[in-house]
Amino acid sequence: MLYGIAAATTALLLAAVLAALIRPLALRLGLVDRRRTRPVPVLGGLAVVGATCLVAGAGDWSGVAPLGSGVGQLLAAGGAVALLGLIADVWRLKTRFLLLGTAVAAACVVPYAEFGVAEGVLGVGWIAFVAVAFKGLDHADGLAGTVGVVTAFGVGACASAEVMDGLAVLLSVLAAALTGFLMHNWHPARTALGATGSLFAGFVLAAAALITRTGYDPVASTGVLFALTAVASADVLLVVLSRLLAGRPVLRRGPDHLAHRLRRLGLTPSGATVVLGSASFAGVLVGVLVHGGWVGRTGAACVACVTVSVVLLLLRVPVYGPRRLESTQVSGHLRVRNG
């Protein structure tokens, strides 16, 4: 227990310090994202990845908190996904390449022996989906970090219930690192996770959640996994439906995510993040309770119904402006990202 407190504190402080040190480098290289005409450096995720890997790796190497071969492999695969995200932050890889690369990494951590080939392949697709969904949550100040912290605690509770101590340690360290990063990412954000940190966090959380459901009924597991990642899933569903209905390219960026629409309804940037963080907490809580057997699987079904209802309501919020204005905004965004 003392090691857990020390590890979490170290990861929190290390992530906060690294984020402060990396920010000037990102600004110097011109690696920024424009949010409402405000440039935000996108290499902050390196701080989360570095703090998580260093602290968790040190505990495993010293033998104080061994991760185990499976968790160590998960951390290594997450590092590979973070490297892919770093390449995307620097050279702007297309989303399909991120999905493919993340799926390859996911294929290395899915326990096929327990799931079987068919369910294992579905698990690979789900991990890649959640990782890219977390990248989408980085559209608003503090959102990806807040949802990541809440999800990490929830999945960590599931891991503890299954006596997966190494996995629980990794998730607690990740939660602490994201908390330290939030010191620089809360509105107005001084740095962002970028693809590096958001893909890493989404990948580790999705893979860990899948592993905790080893041996459980597939239908019940689907509900639990959705509840644990309800906000990220809702964001993807909302964006895809919105763009399809508007006749826009699905992979084209736009101001049509969850936080954008809540801002249109009058919430402040911080208020939108708090609302979505609270929604994530509610979904995660239901997921943990269903996993532990304290609530029936209908609880997860309720989360799915509420999520779909909210998405349908938010679809009615207008977010797309005139085509010419949008083209000008996109061109300005590209000029900022290309330096």
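Structure's up top.
Residues numbered from 1 in each chain as written. Predicted model: local features only at pLDDT ≥ 70, side-chain atom pairs only at ≥ 80, totals over all residues. Heavy atoms only, no water.

**What about the nonpolar core?**
Here is the rule: By nonpolar core is meant a set of buried Ala, Val, Leu, Ile, Met, Phe, Trp, Tyr and Cys residues that side-chain atoms within 4.5 Å join together. We call a residue buried when its accessible area falls under 20% of the maximum for its residue type, exposed when it is over 50%, and partly exposed in between, using a 1.4 Å probe and counting protein chains only. Contacts between residues were defined by any pair of non-hydrogen atoms, one from each residue, lying within 4.5 Å.
Judged by nonpolar contacts, the single largest core of 92 residues is most densely connected at Leu74, Ile127, Leu137, Leu167, Leu171 and Phe203. Not counting residues within four places of it along the chain, the set of residues in contact with Leu74 comprises Val109, Leu167, Leu170, Phe203, Val204, Ala207, Ala208 and Ile211.

**Overview of helix α11 (residues 230-246)**
Quick note on the threshold: Strands here are runs of E lasting at least two residues and helices are runs of H or I lasting at least four, both read from the DSSP assignment and numbered beginning at the N terminus. A helix is expected to span 1.5 Å for every residue after the first.
Taking 1.5 Å of rise per residue, the 17 residues of α11 would be expected to cover 24 Å, and the 24 Å separating its terminal C-alpha atoms lies within 8% of that figure. Residues of α11 that are buried: Ala230, Val231, Ala232, Ser233, Ala234, Asp235, Leu238, Val239, Ser242 and Arg243. Gly247 sits one or two residues past α11 and shows a positive phi near 70°.

**Some details on the packing of helix α7 (residues 143-161) against helix α13 (residues 269-292)**
Heads up, the condition is: Where helices are involved, their axes are fitted lines through C-alpha atoms of the stretch in contact, as for all axes, and angles between N-to-C directions lie from 0 to 180°. Here roughly perpendicular refers to angles of 65 to 115 degrees, roughly parallel to angles under 35, roughly antiparallel to angles over 145, and oblique to all remaining angles. Each residue gets one of three labels, nonpolar for Ala, Val, Leu, Ile, Met, Phe, Trp, Tyr, Cys and Pro, charged for Asp, Glu, Lys and Arg, and polar for the others, Gly among them.
Where α7 meets α13, the closest approach of the two axes is 9 Å, and the angle between their N-to-C directions is 10°. Looking at the two axes, α7 sits roughly parallel to α13. Here Leu143, Thr146, Val147, Val150, Thr151, Gly154, Ala157, Cys158 and Ala161 of α7 come into contact with α13, specifically with Thr273, Leu276, Gly277, Ser280, Phe281, Val284, Val288 and His291. Considered class by class, the residues forming the contact of α7 with α13 number 10 nonpolar, seven polar and no charged.

**A short note on a nonpolar patch on the surface**
We apply this condition: Here a patch means residues that are over 30% exposed by relative accessible area and free of salt bridges, tied together within 9 Å if like-charged and within 5 Å if nonpolar (Val, Leu, Ile, Met, Phe, Trp, Tyr). We get accessible surface area from the Shrake-Rupley algorithm with a probe of 1.4 Å; when it comes to residues, only the shown protein chains can shield them. Salt bridges are identified by distance alone: a Lys or Arg side-chain nitrogen within 4 Å of an Asp or Glu carboxyl oxygen.
Together, Leu83, Ile87, Val90, Trp91, Leu93 and Phe97 give the surface a local cluster of nonpolar side chains, amounting to about 580 Å² of exposed area. The element best represented in the nonpolar patch is helix α3 (residues 69-91), accounting for four residues. Looking at the secondary structure, you find Trp91 in helix α3.

**So, a positive patch on the surface**
This is how the line gets drawn: When charges are counted, neither His nor the chain ends are considered; positive counts come from Lys and Arg and negative counts from Asp and Glu. Note that the charge is assigned to NZ on lysines, CZ on arginines, CG on aspartates and CD on glutamates.
Taken together, the side chains of Arg92, Lys94, Arg96 and Lys135 present a region of like positive charge at the surface. In this structure, Arg96 sits in helix α4 (residues 95-107).

**Here's the deal with the packing of aromatic side chains**
To be explicit about the condition: Only Phe, Tyr and Trp rings are paired, with Trp represented by its six-membered ring, and only when their centres lie within 6.5 Å; those with planes under 30 degrees apart are stacked, over 60 edge-to-face, the remainder tilted. In this analysis the charged atom, NZ for Lys or CZ for Arg, is taken to sit over a ring once it is within 6 Å of the ring centre and within 35 degrees of the ring normal.
In total, this model carries zero aromatic pairs according to the counting rule given. Across from the ring centre of Tyr216, 4.1 Å away, lies the NZ or CZ of Arg213, which sits over that ring.

**As for the packing of α3 against helix α9 (residues 194-212)**
Defined as follows: Note on convention: near helix rotated counterclockwise from far helix by under a right angle means a left-handed crossing. Clockwise means right-handed.
Direction vectors running N to C along α3 and α9 enclose 150°, while the axes themselves pass 7 Å from each other. The angle between the axes of α3 and α9 places the two elements in the roughly antiparallel class. Viewed along their axes, α3 and α9 form a crossing whose handedness is right-handed. Counted together, Leu74, Leu75, Ala77, Gly78, Gly79, Val81, Ala82, Gly85, Leu86, Ala88 and Asp89 of α3 and Gly194, Ala195, Thr196, Leu199, Phe200, Phe203, Val204, Ala207, Ala208 and Ile211 of α9 form the full contact between these two elements. Here the residues of the contact of α3 with α9 sort into 15 nonpolar, five polar and one charged.

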